[in-house]
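# Tertiary structure, described
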Amino acid sequence: MTASAYRDHLGRPIVAVTGMGIITSLGQGLSDNWAALSSGTSGIHEINRFPTEGLSTRIAGTVDFIGIPAPNAVERSYAFARETTIEALADAGLSGDFNGPLFLAAPPIEPEWSARFELADRSPASDHPGDAYERFLTALRQRPDPAFHEAALFGAISERLADRFGTRGLPVTLSTACASGVTAIQLGIEAIRQGRTDRALTVATDGSLSAEALIRFSLLSALSTQNDPPTKASKPFSKDRDGFVIAEGAATLVLESLESAVARGAKVLGIMKGAGDKADSFHRTRSSPDGGPAIATIRAALADAGIDESGIGYINAHGTSTPENDKMEYGAMSAVFGDRLVGIPVSSNKSMIGHTLTAAGAVEAVFSLQTMLTGTLPPTINYNNPDPSIVLDVVPNKKREAQVSAVLSNSFGFGGQNASLVMALEPA
């Protein structure tokens, strides 16, 4: 194979995926997850991690089958990331020190309410109730609490992953709302394209579901309140959708230059052809209703991949099941693909796994690659009442066998954080 065969249309190293690992509410590991997702199984269930009496939303896609030493978001998120990375490295045939950079998407970290209440109980009394922060600091100085300290460190997860898997350099931790998973992948792609490394470990994890998170999203009127039955709540692109279902999960992808992967005889699972990202200042949590930044994001990803709209055979939609976001995404896709959109299968994994927030972009990248590898389009379940203003082939309710060679995966998040990936089975 000639050297030019390892370069893309802009002369950059082609980036291959050689390993994948995943955890969602459907289970642990790619095999179990794909079997459940492609059969239209839902992982949404009633919450039992904390009391939900009096709450308008009582369902979620929690991951409760991974053991953790302390019940907080850092320990959950680290455990999910650790397990998916073990799977991805085994899939890639790599052992020992990874010897490449780590790019991690992790949720914003806050101590659990229970930990704060416990700290408040042992904080010294004060004549100034507003000085709670100083009281907490005094209590921690008097009796250090390593578990609480770890639970409040945003970079703790990446540091532990770096130590465990022998990554190179300072690990990067990022949070770009619902686009975080794609952003982590994009950083890995760019590191390889720029010649800074032959391989990169890209991880996205979110184990931050707590009572406070649920209440905050509820106050934004973002969550579905259709609690019974839980499996029917997430219904992207349906007329009676009323919000997303919050969920947890993680995914790890091993990225390598194609040249490096071929040289070591690695199994190539797919190619990261292009990535695009745009942001806007329309609102702190809402995306621009006209879809302008989302349109620009999709076009940027296509341009980066060196293909036009006709090259996409399937779209893994952001598809949150919120009235506003689904409408915006449909408008953005329509603007880019025009009349051809009606003939492109577009489905939403979130109808089954819920919205894994920080992890969503990477989780859906794994499913997008698996779609191409298996020749199976996963369905959008709960699609029984179509929205007449959104005319899409959502692969309704049942999987479809179809071979596609290139996929677009969208992640359009809070605050106008938008990112899209273009993936292919093989280089052009």
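The following paragraphs examine the structure supplied in this document.

Calculation rules
- Residues numbered from 1 in each chain as written.
- Predicted model: local features only at pLDDT ≥ 70, side-chain atom pairs only at ≥ 80, totals over all residues.
- Heavy atoms only, no water.
- Core = buried A, V, L, I, M, F, W, Y, C linked by side-chain atoms within 4.5 Å.
- Buried < 20%, exposed > 50% of the residue type's maximum accessible area, 1.4 Å probe, protein only.
- Helix = DSSP H or I, 4+ residues; strand = E, 2+ residues; numbered from the N terminus.
- Contact = heavy atoms within 4.5 Å.
- Expected span 1.5 Å × (residues − 1).
- Phe/Tyr/Trp six-rings, centres within 6.5 Å; stacked < 30°, edge-to-face > 60°.
- 1 Å grid on protein atoms, 1.4 Å probe; cavity = no way out; pocket = protein on both sides within 12 Å on 5 of 7 lines; lining within 4 Å.
- Points joined across faces, edges and corners; volume = space filled by probe spheres on them.
- Nonpolar A, V, L, I, M, F, W, Y, C, P; charged D, E, K, R; others polar.
- Axes fitted to C-alpha atoms, helices over the stretch in contact; angles between N-to-C directions.
- Parallel < 35°, antiparallel > 145°, perpendicular 65-115°, else oblique.
- Salt bridge = Lys/Arg side-chain N within 4 Å of Asp/Glu carboxyl O.

## Here we look at the nonpolar core
Ile-185, Leu-253, Leu-255, Met-272 and Leu-421 are the most contacted members of the largest nonpolar core, which has 46 residues in total. In terms of residue count, helix α13 (residues 360-374) provides more of this core than any other element does, seven residues in total. If sequence neighbours within four positions are ignored, Ile-185 has contacts with Thr-202, Leu-253, Leu-255, Met-272, Ala-362, Ala-365 and Leu-421. Judged by nonpolar contacts, the second largest core, of 27 residues, contains Ile-315, Ala-332, Phe-337 and Leu-341.

## Some details on helix α10 (residues 292-305)
For α10, with 14 residues, the first-to-last C-alpha span of 20 Å sits near the 20 Å given by 1.5 Å per residue. Restricting attention to buried positions, one finds in α10 the residues Pro-293, Ala-294, Ile-295, Thr-297, Ile-298, Ala-301, Leu-302, Asp-304 and Ala-305. Packing partners of the buried residues in α10 comprise α7 (180-193), β9 (270-278), α11 (323-337), β14 (406-412) and β15 (418-424). At the C-terminal side of α10, Gly-306 shows a positive phi close to 75°.

## Digging into the packing of aromatic side chains
A full pass over the atoms with the stated rule returns two aromatic pairs. Judged by centre distance (6.2 Å) and plane angle (35°), the ring pair of Trp-34 and Phe-367 falls under tilted. Of this pair, Trp-34 sits in helix α1 (residues 30-38) while Phe-367 is found in helix α13, placing the two residues 333 residues apart along the sequence. Taking the relative accessible area as the measure of exposure, Trp-34 reaches 8% and is therefore buried. You can call Phe-367 buried: its relative accessible area is 0%. Note on Phe-217 and Phe-244: the rings are 5.4 Å apart at their centroids and 80° apart in plane angle, and the pair reads as edge-to-face. Of the two residues, Phe-217 sits in helix α8 (residues 211-219) while Phe-244 sits in the loop between α8 and β8 (249-257), which places them 27 residues apart along the sequence. Each member of the pair, Phe-217 as well as Phe-244, carries the same accessibility label: buried.

## With respect to the layout of surface pockets
Looking at the largest pocket, its volume works out to about 700 Å³. Taken together, 28 residues line the largest pocket, and the ones lying closest to its centre are Pro-108, Glu-110, Ser-208, Arg-216 and Phe-217. Mapped by element, the contributors of at least two residues to the lining of the largest pocket are α3 (113-121) and α8. Here the lining of the largest pocket takes four residues from α8, the largest share from any one element. Partitioning the lining of the largest pocket into residue classes produces 14 nonpolar, seven polar and seven charged.

## Brief notes about the packing of α7 against α13
Interhelical geometry of α7 versus α13 gives an angle of 70° and a closest axis separation of 4 Å. The angle between α7 and α13 falls in the class roughly perpendicular. Residues Gly-181, Val-182 and Ile-185 of α7 form the contact with α13, whose participating residues are Gly-361, Ala-362 and Ala-365. Residue composition of the contact of α7 with α13, by class: four nonpolar, two polar and no charged.

## Topic: the environment of Leu-37
When you line up the elements, Leu-37 lands in helix α1. Looking at Leu-37, the relative accessible area reads 0%, which means it is buried. A sequence separation of 54 residues divides Leu-37 from Asp-91, and the C-alpha atoms of the two residues are 20 Å apart. Setting aside chain neighbours within four positions, we find Leu-37 in contact with Leu-26, Asn-349, Met-352, Ile-353, Phe-367, Pro-378 and Pro-379.

## Brief notes about unusual backbone geometry
In this model, Asp-228 is joined to Pro-229 through a cis peptide bond whose omega is -5°. Inspection of the secondary structure puts Pro-229 in the loop between α8 and β8. With a phi close to 65°, Phe-237 is a non-glycine residue in the positive phi region. Mapped onto the secondary structure, Phe-237 falls in the loop between α8 and β8.

## Topic: the pattern of salt bridges
In the structure shown here, the tally under the stated rule is 17 salt bridges. Ionic pairing is found between Arg-241 and Asp-387, a salt bridge with its closest N-O pair at 2.9 Å. With Arg-241 in the loop between α8 and β8 and Asp-387 in the loop between β12 (376-377) and β13 (400-401), this pair connects stretches of sequence that are 146 residues apart. Per residue, the accessibility class of Arg-241 equals that of Asp-387, and both read buried. One salt bridge in this structure joins Asp-393 and Arg-400, with 2.7 Å as the shortest N-O distance. Assessed through its relative accessible area of 29%, Arg-400 is described here as partly exposed.

Worth remembering: the numbers are spatial, not functional.
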